[in-house]
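# Structural description and commentary
Below are the chains, spelled out letter by letter.
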Amino acid sequence: TSRTMSLLSQLEKINLGSVLGEADSARYVTSKILHLVQSQEKTRKEMTSKGSNGIDIILATLEVKHSNMCANGYMASFYYIIGFDISGGRRANVLVTKGGTQILLQLLLTASKDTPPNEELMVLLHTLLAKVGPKDKKIGMKARINGALNITLNLVKQNLQNHRLILPCLQVLRVYSTNSVNAVSLGKNGVVELLFKIIGPFSKKNTSLMKVALDTLAALLKSKTNARRAVDRGYVQVLLMIYVDWHCHDSRHRYMLIRKGVLQCIKSVTNIKLGRKAFIDANGMKILYNTSQECLAVRTLDPLVNTSSLIMRKCFPKNRLPLPTIKSAFHFQLPVIPASGPVAQLYNMPPDVDDVLDESDDNDDAETESEIETENDDDKDQQFKNDDIETDINKLKPRQELGRSIEDLKMYEHFFPELSENFQGCDLVSKEPKPFVPDANLSGPIVVPTAGEE
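No experiment lies behind these values; they were computed from the predicted model shown.

Assigned secondary structure in the chain consists of 24 helices and zero strands. Going through the 454 residues of the chain one by one, you find that 38% of them count as buried. Once local pairs closer than 6 in sequence are excluded, the contacts in the chain between residues at least 24 apart make up 72%. About 28100 Å² of surface is accessible on the chain, with carbon and sulfur atoms providing 53% of the total.

Here it is, written out as structure tokens:
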């Protein structure tokens, strides 16, 4: 038996209460397991290999033991097991399938009751949740039911200057925000305003925190309630100012991901009509156009140009054809323009008027408060049918209609005898071949052609 399995066996006996000096023994075994996990890849593989119960034993220990010293050791062990995973997240999947997400959330709830909370344990818990969260499709619902949303949010509010702690907290909030109900709930508790206290103008300090905060904000602004709240507080203009500041100071293009994160926030907030109007009013079209022109010469900045183009195309005013204004290179002049009516009104409009009403989200006010998430994982497997798509093959086949009737076409039969089924006058296809009769006028030997000769 390996050293790791021996220690896990001792830990299992401690959980059953059959070991004297339980507290000291638990600390000793925990430290030894942590040392092996830190130093040996073989141990990490062994604990997550198929058929191993190492993860189960540690999770069971976390459920029955609440000592911060032991909990820190187990959290650190999980961190090294998952953090050094080179198999594409397979070890995180193992932890999720064994119920690790629920136990981590329960441990977070228990640790939050301490006054003050153990900072080291909170950092490890949120770091693990940020790594495990994307592998668990229901983590948003589990966190909301356990009350973990407010715990993480309060930690961020109380530790704005403690970047070591709020970085993993923001990563967890980003995972929670993928759930629409969580995004609305967090927005009501002031997380949008809180994130705007973290992001700011160009600074080389804490760029990783800035990147995570922007990603979290972009995920939150996908909710139309949060996007409307950001527009009402004038944050669209703030985002444009931040983008221009980073664009001007990032001359070596080292912070392209941060600049793209700001654009993603603008892209999310312009999904609603109020956001598009605020973007136009803040001179966003000119700002993104000018910055995109400056980025064209650098190939690595193509993601910024592409995202800016998507935002400008989405926000550009729409017009009907024909365009009698300078907005179009072509002028479709109608042959007759009535003296009154909608066409005459269109031609008499000033050049800057948007003549197409944007009714894309007029009813969102009533729908936003009732945003309901679908918790069933099978919904993604359902195939939604589009009523506009015709599925009847017979109806999709083009109908071939003759230009003339069959009776009119019969007059051409004698020009094309091969098209009719009457071949009586054609000897080449007769059923019985005619016998060969030599001509008496021919002189010389008679050569009968063989097979294959003409």
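So, about the nonpolar core. Counting residues in hydrophobic clusters, the biggest one holds 108 residues, and the most contacted among them are Met 75, Phe 78 and Tyr 176. Per-element tally for this core: the top contributor is helix H8 (residues 119-132), with nine residues. Excluding residues that lie within four positions of it along the chain, Tyr 176 makes contacts with Leu 105, Leu 129, Ile 139, Ala 143, Ala 148, Leu 149, Thr 152 and Asn 182.

Applying the stated criterion across every chain yields a total of 12 salt bridges. Here Lys 98 and Asp 56 are joined by a salt bridge, their closest N and O atoms 3.0 Å apart. With Lys 98 in the loop between helix H6 (90-97) and helix H7 (100-111) and Asp 56 in helix H4 (residues 54-64), this residue pair connects regions lying 42 residues apart in the sequence. Since its relative accessible area comes to 33%, Asp 56 is described here as partly exposed. For Asp 281, the salt bridge goes to Lys 277, with nearest N and O atoms at 3.1 Å. Residue Asp 281 and its partner Lys 277 are located together in helix H18 (residues 273-281), separated by four residues, close to a single helical turn. Take Asp 281 and Lys 277: they sit in the same class, and that class is exposed. Among the ionic contacts, a cluster of salt bridges with common partners joins Glu 41, Arg 44 and Arg 91.

Along helix H3 (residues 41-48), the residues that are buried comprise Thr 43, Arg 44, Met 47 and Thr 48. Considered in projection along H3, the buried side chains sweep an arc of 120 degrees and stay on one side of the axis.

What follows deals with the confidence of the model for the chain. The share of residues in the chain with pLDDT of 70 or more is 72%, and the mean pLDDT across the chain is 78. Low pLDDT, under 50, characterises residues 364-388; the predicted model gives this stretch 29 contacts beyond four residues in sequence or across chains.

Right, let's talk about a nonpolar patch on the surface for a bit. Together, Ile 406, Leu 409, Met 411, Tyr 412, Phe 415, Phe 416 and Leu 419 line one region of the surface with nonpolar side chains, adding up to about 730 Å² of accessible area. Structurally, the position occupied by Phe 416 is in the segment after helix H24 (406-409).

Here we take up the packing of H18 against helix H20 (residues 302-315). Between H18 and H20, the least distance of the axes is 10 Å, while the angle of their chain directions is 105 degrees. The pairing of H18 with H20 is recorded here as roughly perpendicular in orientation. Along the contact surface, H18 presents Arg 276, Phe 279 and Ile 280, while H20 presents Ile 311, Lys 314 and Cys 315. Taken together, the residues of the contact of H18 with H20 sort by class into four nonpolar, no polar and two charged.

Further remarks concern the packing of aromatic side chains. Think of a pair of aromatic rings as described by two things: how far the centres are apart, and how the planes are tilted against each other in angle. Counting across every chain of the model gives five aromatic pairs. Measuring from ring centre to ring centre gives 4.9 Å for Phe 202 and Trp 246, while their planes differ by 70 degrees; the resulting arrangement is edge-to-face. Of this pair, Phe 202 sits in the loop between helix H13 (191-198) and helix H14 (207-220) while Trp 246 sits in helix H16 (residues 235-249), placing them 44 residues apart in sequence. Taken together, a centroid distance of 5.7 Å and an interplanar angle of 75 degrees make the contact between Trp 246 and Tyr 255 edge-to-face. A single burial state applies to Trp 246 and to Tyr 255, both of which are buried. Here the aromatic cluster, defined as three or more aromatic residues joined through ring pairs, consists of Phe 202, Trp 246 and Tyr 255.

Our next topic: the side chain of Thr 270. Inspection of the secondary structure puts Thr 270 in the loop between helix H17 (256-269) and H18. When neighbours within four sequence positions are excluded, Thr 270 is seen to be in contact with Gly 275, Arg 276, Phe 279, Ile 311, Lys 314 and Cys 315.

A few words now on the side chain of His 126. Checked against the element boundaries, His 126 lands in helix H8. The buried category is assigned to His 126, whose relative accessible area is 0%. Here Thr 152 takes part through its side chain, which lies 3.0 Å from a polar atom of the side chain of His 126. Sequence-distant contacts of His 126, defined by excluding residues within four places in its chain, comprise Leu 108, Thr 152, Leu 155, Pro 168, Cys 169 and Val 172.

Another aspect to go through is the environment of Leu 274. Among the structural elements, Leu 274 can be located in helix H18. With 43 residues separating them along the chain, Leu 274 and Val 231 place their C-alpha atoms 7.0 Å apart. Every residue in contact with Leu 274, bar those within four places of it in the chain, is listed here: Arg 228 and Val 231.

So, about unusual backbone geometry. Note the cis peptide between Thr 115 and Pro 116, where omega equals -10 degrees. With respect to the element layout, Pro 116 can be found in the loop between H7 and H8. The backbone phi angle of Asn 206 is positive, close to 55 degrees, even though this residue is not glycine. Checked against the element boundaries, Asn 206 lands in the loop between H13 and H14. For Asn 283, which is not a glycine, the phi torsion comes out positive at approximately 65 degrees. Mapped onto the fold, Asn 283 is located in the loop between H18 and helix H19 (284-295). Looking at Asn 283, the relative accessible area reads 41%, which means it is partly exposed.

Analysis parameters
- Residues numbered from 1 in each chain as written.
- Predicted model: local features only at pLDDT ≥ 70, side-chain atom pairs only at ≥ 80, totals over all residues.
- Heavy atoms only, no water.
- Helix = DSSP H or I, 4+ residues; strand = E, 2+ residues; numbered from the N terminus.
- Buried < 20%, exposed > 50% of the residue type's maximum accessible area, 1.4 Å probe, protein only.
- Contact = heavy atoms within 4.5 Å.
- Areas by Shrake-Rupley, 256 points an atom, 1.4 Å probe, with all protein chains shown as cover.
- Core = buried A, V, L, I, M, F, W, Y, C linked by side-chain atoms within 4.5 Å.
- Salt bridge = Lys/Arg side-chain N within 4 Å of Asp/Glu carboxyl O.
- Arc of directions from axis to C-beta.
- pLDDT = per-residue confidence, 0-100.
- Patch = residues over 30% accessible without salt bridge, like charges linked within 9 Å, V, L, I, M, F, W, Y side chains within 5 Å.
- Axes fitted to C-alpha atoms, helices over the stretch in contact; angles between N-to-C directions.
- Parallel < 35°, antiparallel > 145°, perpendicular 65-115°, else oblique.
- Nonpolar A, V, L, I, M, F, W, Y, C, P; charged D, E, K, R; others polar.
- Phe/Tyr/Trp six-rings, centres within 6.5 Å; stacked < 30°, edge-to-face > 60°.
- Polar contact = N/O pair within 3.5 Å; in protein donor to acceptor, adjacent residues only side chain to side chain.

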